[in-house]
Amino acid sequence: MDTMRKILAILLVLTLLAGTTAALAATDETFATPGERYAETVTVSTVRILSPNLVFKDGDDINNNLWTRYYLDEENIKVEYRWTQPTSEAYEQRVDLSLTTGDLPDFMRLTATQYEDALAAGLLADLTEVYETYASPALKERMTLTGDGPINAGTSDGKLYALVQETDNHTNYPGILFIRKDWREAVGMEAPTTVDELIKLARAFSEQDPDGNGADDTYGLMVDQYVGLRYLMNCMGAYQGCWLDMGDGTYEYSSIQPEMRSALETLHTMYADGLLKTDFLTSTSNWADVNSGKAGMFINSYTSPLSLMDGYEQSGIEWEMYPMPALTEESYPAASQLPNGYDSYWVVNKDCEHPEAMIKLMNVFVDLQTNRSDYLHDTDGTPLYEYNAVSMNTPDNNYINHLSIVEALESGDTSALAVQAVQAYDYCQAYLSGSGNRNDWAYYMIFGPESSCTVLGEYYIDPDNYVQSAWGGAPTPGMISYSASLNSLEEETFIQIIVGGDLTAFDSFVNSWYSLGGETITQEVNAGLSA
């Protein structure tokens, strides 16, 4: 009797399960299996930045263009934009308002702070299963290309709540030293490997009339108020705005370290000796000086050749490229500071009926970016890829393209080139064929076999020559409360020291930094990193 009851109970359970499965099949017809098109149209809402400069043609707009039509034709997903904003600042302000009211679209992009706020408020969908089930192999490969960092950044309590875009920091942050080749040869000096040698070459460019025109109209080193100073500080072993692992289980803010004091002292000497242009503090760009033959060196990003085209076209100015010099020969080249590289958190509203839809749209982006150039740029250069509703780019993609371009230039075989690399390859080939075109020259200087990307790979990417900020999480409460005022104090003090030379101002700054909130932030960072 007991055996019969057990058999009947099992049959009853199986019957109920069968009925439940049938009911799910009947009510969830619109759920596509991985890789398949929805049987019925699924409409999802989102929001985005929409630059006024983005061009649409033939009556298209952000709601109706070749990307939205592809979504509908190939996936049967209709994308609707609840709102757009013209700038990232306006977008983030509108998102903040949405998070406050809880009125979210089906999916959207958040900053790290916004992600933490939305997660704490319980507004986000758990994407663990839909990512595992619906993400294409190509998307999963891209998400883990540099390790598990992006997945971990979007995971909380073992659940995936965001697909996180890793930035191009490994290529964007290192400084490349650009030197006028003809000027260096004119003064008879080698490319510098130490800061002392950099200063000597800058002085020669300022004092020895390297352009030979008989006038005192040149200076050694072009610096602007944004990135130039940071690169010089890195050369001197100082790092601004980072959290450093001190090696004893504690973490400290980099801008208050003794190395920064020494770097500021050296920068003042360079400024007082006329090696830095006196108006650099008020100048947002000195490219005109570089292109007109006034400056002999600068340190900036690997894409700088795009800003050097005027000088090449008008005067045939050629530049040599080197890694950043360091304090000593033994420490050459200087390590570049590197922030933690997560800036876009793609999330889904917990009330979204089809959380897998965002994953499917992201699959589309990876596929089209990899295989369809007609969805990336129009024949006139219009950036069609900006029409996408959701993206997930390969981190440091330009460096990866550089490697394949160099290989193709050497072998003549272009079959392995990604779609995004073909145009740059064509520019490089045109330059090698003697086109004389400024655009071809710039791309060859960036992507060719002896290019800025070559310097990146040899001296930074391959040896992992970076000082990375230890703090990679969302801003702490103390950062939210105090960082704005502390950053202003830091900027004002550093400029004051560079121009005036009073190093006691640095000591006062350190004390003020701690008392005005820095102590609280330091405690939070150490607690967070020790947890």
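Residues numbered from 1 in each chain as written. Predicted model: local features only at pLDDT ≥ 70, side-chain atom pairs only at ≥ 80, totals over all residues. Heavy atoms only, no water.

1. Re the overall build of the chain
Counting its regular elements, the chain contains 21 helices and 15 strands. Overall size of the chain, expressed as C-alpha extent along the three principal axes, is 105 × 60 × 45 Å. Taking all 531 residues of the chain together, 48% fall into the buried category. Considering only residue pairs separated by 6 or more positions, the chain has 73% of its internal contacts joining residues 24 or more positions apart. For the chain, the exposed area adds up to about 24,600 Å²; of that, 49% sits on carbon and sulfur atoms. Across the chain, 26 positive and 78 negative side-chain charges occur, with their mean positions spaced 7 Å apart. (Helix = DSSP H or I, 4+ residues; strand = E, 2+ residues; numbered from the N terminus. Buried < 20%, exposed > 50% of the residue type's maximum accessible area, 1.4 Å probe, protein only. Contact = heavy atoms within 4.5 Å. Areas by Shrake-Rupley, 256 points an atom, 1.4 Å probe, with all protein chains shown as cover. Lys, Arg positive; Asp, Glu negative; His and termini not counted. Charge placed at Lys NZ, Arg CZ, Asp CG, Glu CD.)

2. Considering helix 4 (residues 112–120)
Burial in helix 4 covers these residues: Ala 112, Gln 114, Tyr 115, Ala 118 and Leu 119. Relative to the axis of helix 4, the buried residues are bounded by an arc of 160° and lie together on one face. If you follow the buried residues of helix 4, they end up packed against helix 3 (88–101), strand 3 (107–110), helix 7 (149–153), strand 4 (155–156) and strand 14 (342–348). Once helix 4 ends, the next one or two residues include Gly 122, with phi positive near 70°. (Arc of directions from axis to C-beta.)

3. Observations regarding the packing of aromatic side chains
Taken as a whole and assessed by the stated rule, the structure comprises 24 aromatic pairs. Seen in terms of ring centroids, Phe 494 and Phe 506 are 6.4 Å apart; in terms of plane orientation they differ by 25°. Their pairing is stacked. Separated by twelve residues along the polypeptide, Phe 494 in helix 20 (residues 477–500) and Phe 506 in helix 21 (residues 504–530) bring together distant segments of the chain. Neither residue differs from the other here; Phe 494 and Phe 506 are each classed as buried. Ring pairing ties together the aromatic residues Trp 67, Tyr 70, Tyr 71, Phe 365 and Tyr 375, which thus form one cluster. Sitting over the ring of Tyr 131, Lys 140 keeps its end group 6.0 Å from the ring centre. (Phe/Tyr/Trp six-rings, centres within 6.5 Å; stacked < 30°, edge-to-face > 60°. Lys NZ or Arg CZ within 6 Å of the ring centre and 35° of its normal.)

4. Overview of the environment of Ala 505
Positionally, Ala 505 belongs in helix 21. Between the C-alpha atom of Ala 505 and that of Val 47, which follows or precedes it by 458 residues, the distance is 46 Å.

5. A look at the sheet that holds strand 14
Overall, antiparallel pairing links the three strands, which are arranged 3-14-6 in an open sheet. This sheet does not close on itself; its edge strands, each paired only once, are strand 3 and strand 6 (163–166). Strand-to-strand twist of the sheet, defined as the mean angle between neighbouring strand axes without regard to direction, takes the value 20°. When strand 3 meets strand 14, the two strands line up antiparallel, connected through four bridges. Bridging across to strand 14, Phe 107 finds its partner in Val 348. Here helix 15 (residues 356–371) sits on the sheet and contacts strand 3, strand 6 and strand 14; the angle it forms with strand 14, its principal contact strand, is near 130°. (Pairing = 2+ DSSP bridges. Axes fitted to C-alpha atoms, helices over the stretch in contact; angles between N-to-C directions.)

6. Quick word on the pattern of salt bridges
Following the criterion strictly, the structure yields 16 salt bridges and no others. With a shortest N-O distance of 3.4 Å, Glu 132 and Lys 140 are connected by a salt bridge. By sharing partners, the salt bridges in this structure join Arg 203, Glu 207 and Asp 273 into a single network. (Salt bridge = Lys/Arg side-chain N within 4 Å of Asp/Glu carboxyl O.)

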